[in-house]
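Chain by chain, the residues:
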Amino acid sequence: MALRVPRDRTGTFEPQIVAKRQTRFDGFGDKIIALYARGLSVEDIQHQLQELYGVELSSSLISNVTASIMDDVKAWQSRTLDSVYPIVYLDCIVVKVREDKRIINKAVYLALGVNMDGHKELLGMWMSQNEGAKFWLSVLTELKNRGLEDIFVSCVDGLTGFPEALSSVFPKTKVQLCIVHMVRNSLRYVSYKDRKALVEDLKGIYKAKTLEEAELGLDVFSRKWDTKYPSISQSWLRHWENVTPFFAYPADVRRAIYTTNAIESMNMTLRKVIKNKRVFPNDESVFKLLYLAINNISKKWTMPIQNWNGAMNWFIIEFGERVVDGVR
């Protein structure tokens, strides 16, 4: 709108409704960011604000408002971390990004930590096309440089090169492969009519009470299914060292560490947010949207994860001084 400002030779006049040099209504930028955080596209935001306030906004104005978020993203990604996180879950989501006039898939890796009080905290996010030991080494080194000194258990979904990188940065940390992912991968090439019976037999492995019973369950599974699906038992055997650490814990503690469900539920919410963004124009737009979405999700993280008291009691017994160092 056009405004006529009275002449004021002494410079004492202060507009009350629209302040000097003000270009947007108070809180208008926050409304744009709130809509952007819900996964709305620039065009959707334009339509939404047109319906609510009867104002037309240019796409460049909306882009300028959301661009200011990157400073917050950089500050968040470089913030100081706690010295100890008993559990760290690692997983990724895949997004489509426009790059060099092509649309390619990129993986956004997320590290979700559980602090000494049992509360979840996203430690950071990283984007990469190629996963491997070199990539994970840079991620873990960054976490250490930000103050993280110790992790008791890291639960992952079979990330390539991660165990090797972890042992070089955090040599005392145990790697636990996510059982849910192991079962899911086992069913990838199984015919529908065999799935129910095969899943029941897999339970004989990961629901065993002891490591010896799990080894027996794998042997029974192998003898029954190897003639039809030989790759399944071979996959479990190949990853056995990182599949079985949770057998050292009682049943209530196992549920806290043997699955990445804590981060999977977050990823499910993130996927709902990004489903409207079929293609991101660049990496920066991915980080902006995910950062805002994570801020909304983390508002619900007010309670410790399930079975946390039992897990901490066991950690105190097993890790002793390492737990004390984390409390200081």
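Since the structure is predicted, the reported quantities are computational estimates derived from the model, not experimental observations.

Caption draft 1: Spotlight on the side chain of S128. Within the secondary structure layout, S128 lies in strand β3 (residues 120-128). Owing to a relative accessible area of 12%, S128 belongs among the buried residues under this scheme. Those residues in contact with S128 that lie beyond four places of it in its chain are K106, A107, Y109 and F135.

Caption draft 2: Expanded view of the packing of aromatic side chains. With the rule as written, the count across this model stands at 13 aromatic pairs. Seen from their ring centres, F152 and F319 are 4.5 Å apart, and the 20 degrees between their planes marks the pair as stacked. Within this pair, whereas F152 is found in strand β4 (residues 150-156), its partner F319 is found in helix α15 (residues 308-319), the two being separated by 167 residues in sequence. Residue F152 is classed as buried on the basis of its relative accessible area, which comes to 0%. Taking 6.4 Å as the distance between ring centres and 35 degrees as the angle between the ring planes, the aromatic pair formed by F221 and W225 counts as tilted.

Caption draft 3: The confidence of the model for the chain, seen in detail. Averaged over every residue, the pLDDT of the chain is 85; the share at 70 or more is 93%. Highest mean pLDDT in the chain belongs to helix α9 (residues 211-225) (94); lowest belongs to helix α16 (residues 321-327) (70).

Caption draft 4: Quick peek at the pairing of β4. Here β4 lies mainly inside the structure; seven of its seven residues are buried. Pairing of strand β1 (residues 84-99) with β4 involves five bridges; the strand directions are parallel. Following the sheet pairing, V88 is matched in β4 by S154.

Caption draft 5: Summary view of helix α2 (residues 42-53). Under the 1.5 Å per step criterion, the end-to-end length of α2 is 16 Å for twelve residues, consistent within 8% with the ideal 16 Å. Looking one or two residues beyond α2, the residue adopting positive phi is G54, at roughly 70 degrees.

Caption draft 6: Quick peek at the state of the cysteines. Here the structure, examined in full by the defined rule, presents zero disulfides. Of all cysteine sulfurs, the one in C178 lies closest to C155, which takes part in no disulfide; the gap is 5.1 Å. C155 gets classed as buried once you look at its relative accessible area, which sits at 0%.

Caption draft 7: Representation of unusual backbone geometry within the structure. At D100, a position not held by glycine, the phi torsion is positive, near 50 degrees. Tracing the backbone through its elements, the reader meets D100 in the loop between β1 and β2 (102-114). Given a relative accessible area of 65%, D100 falls into the exposed group. Residue K101 is not a glycine yet carries a positive backbone phi of 65 degrees. The topology assignment puts K101 in the loop between β1 and β2.

What counts as what
- Residues numbered from 1 in each chain as written.
- Predicted model: local features only at pLDDT ≥ 70, side-chain atom pairs only at ≥ 80, totals over all residues.
- Heavy atoms only, no water.
- Helix = DSSP H or I, 4+ residues; strand = E, 2+ residues; numbered from the N terminus.
- Buried < 20%, exposed > 50% of the residue type's maximum accessible area, 1.4 Å probe, protein only.
- Contact = heavy atoms within 4.5 Å.
- Phe/Tyr/Trp six-rings, centres within 6.5 Å; stacked < 30°, edge-to-face > 60°.
- pLDDT = per-residue confidence, 0-100.
- Pairing = 2+ DSSP bridges.
- Expected span 1.5 Å × (residues − 1).
- Disulfide = S-S within 2.5 Å.

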